[in-house]
Amino acid sequence: MRLSKKNLLAVLGLVTVPLLLLSAALFLLVRGQEDSEALGMILIGLSLMELLLGSLALLRWQQEHLSRPFKKLQDAAGEIRDGNLDHVLEPEEEDEFNRLFDSFEEMRLRLKNSAEEQLRTEQDGKILLANISHDLKTPITAIKGYVEGLRDGVASTPEKQARYLSTIYSKAEEMEKLVDQLYFYSLVETGRIPYHFTRIPAHAYFSDCRWELKEELDAQDMVTRYENRVPEDVMIAVDPEQLHRVVSNVVSNAVKYRDRNKEKNMIAFRICVEGKTIVTEIEDNGVGIAPEDLPHVFERFYRADASRSAATGGNGIGLSIVQKIMEDHGGRAVLTSEFGKGSCMRLELPVYEENANEPDTDRGR
Ligand SMILES: Nc1ncnc2c1ncn2[C@@H]1O[C@H](COP(=O)(O)OP(=O)(O)O)[C@@H](O)[C@H]1O
Ligand SMILES: [Mg+2]
């Protein structure tokens, strides 16, 4: 334990004063005169008393000095035990204790962070559950209505019955998508996305994607433009199913957030190679995103005000999934947007090069 200046002076005093008194006593005793002998004896007594009292004071000081930090530590541990993770352990004067205190503080902060993270995850889960339950209600109510219509004979003609059945089918598909999204989200949360990476030609892959999405886009009256400038032999190492999920999430946003006041709703796909990167741009002329919302749209559960109030349905996890899958592919997703004009999603994927790193099939697990 290092002594402070004040304490050092006290200890010095404790040692030197009796020493001086003893020396004086010895001097008087050596002189051998009767009255100086008596004074010498008194001085010896005084020095012994000073030594005794001083030692007692020193012992008490030492006890206090040692017990105070331990008491503080004990109190701080008690606060943590009682669930208070905000109690700060103030540093001590002594360096030796400070190392211990620093470690204790670090432990407290880590505990606090992980408790907060857990709380966030729990709250996110609750929000998601509430959103999905809310979104499931709409198709369920519709299905019930159409089934009742069929049962009660409201749909009297075969054409009407066929229309009812087809609506029921599309509502069931809507529900399936929601449940699938919920399931996939739980896989993302627990880091268990089942990736199966393969090497495929980029040109052909995006062409297939476009044809697969064509029907949905046509049905929504979206004008589609498509430009694929990737040479046919350029390869990518991807999980086709998960990458399809990315494209389909982005496309469904373009459809969902289209601007109904515009004469034509447009979606354009542009795929090209920039150096060692395959760039896929998916641009729409939809409602766009306000500048204050744009930095947050990749966050879980974030929905811009406009989308929340427009009752478009959705839970704000689509883009967080897009970003996660792109990162797991060694790429990234960047969204630019102009409020009222439209948005453009840029998906970047590394070109697969022979002899370069093999795709890591365990990524994201
Ligand atoms: N193409 C787009 N046009 C306008 N807004 C968009 C577009 N894509 C995403 N957004 C905004 O970003 C938010 C988050 O998107 P997303 O994570 O897919 O959630 P969700 O579609 O379920 O609301 C949306 O609520 C919307 O406000
Ligand atoms: Mg979405």
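Nothing here was measured: the structure is a model prediction, and the numbers come from that model.

What counts, and where the lines are drawn
Residues numbered from 1 in each chain as written. Chains lettered and ligands numbered in written order. Predicted model: local features only at pLDDT ≥ 70, side-chain atom pairs only at ≥ 80, totals over all residues. Heavy atoms only, no water. Pairing = 2+ DSSP bridges. Helix = DSSP H or I, 4+ residues; strand = E, 2+ residues; numbered from the N terminus. Axes fitted to C-alpha atoms, helices over the stretch in contact; angles between N-to-C directions. Buried < 20%, exposed > 50% of the residue type's maximum accessible area, 1.4 Å probe, protein only. Contact = heavy atoms within 4.5 Å.

Q: Is there a simple way to explain the sheet that holds strand β5 (residues 277-284) in this structure?
A: The strands making up a sheet associate through hydrogen bonds between their backbones, and the pairing can be parallel or antiparallel. With respect to topology, 5 strands assemble into an open sheet ordered β2-β4-β5-β7-β6, the strand pairing being mixed. Both edges of this open sheet fall to β2 (222-228) and β6 (332-338), since each of them pairs with a single strand only. Strand-to-strand, the axes of this sheet are offset by a mean angle of 15°, without reference to chain direction. In the sheet, β6 pairs with strand β7 (residues 342-350) via 7 bridges, with the strands oriented antiparallel. Residue A333 lies in a different strand from β7, and its bridge partner there is L347.

Q: Would you mind going over the environment of S114 with me for this structure?
A: Here S114 shows up in helix α3 (residues 95-151). Overall, the relative accessible area of 44% leaves S114 in the partly exposed class. Separated by 58 residues in the primary sequence, S114 and L56 have C-alpha atoms spaced 47 Å apart.

Q: What is the right way to look at the environment of S320 in this model?
A: Within the secondary structure, S320 sits in helix α8 (residues 318-328). On the basis of relative accessibility, which here comes to 13%, the residue S320 falls in the buried class. Taking C-alpha positions, S320 is 10.0 Å from A333, a pair spaced 13 residues apart along the chain. Residue contacts for S320: discarding those within four places in its chain leaves F298, E299 and R300.

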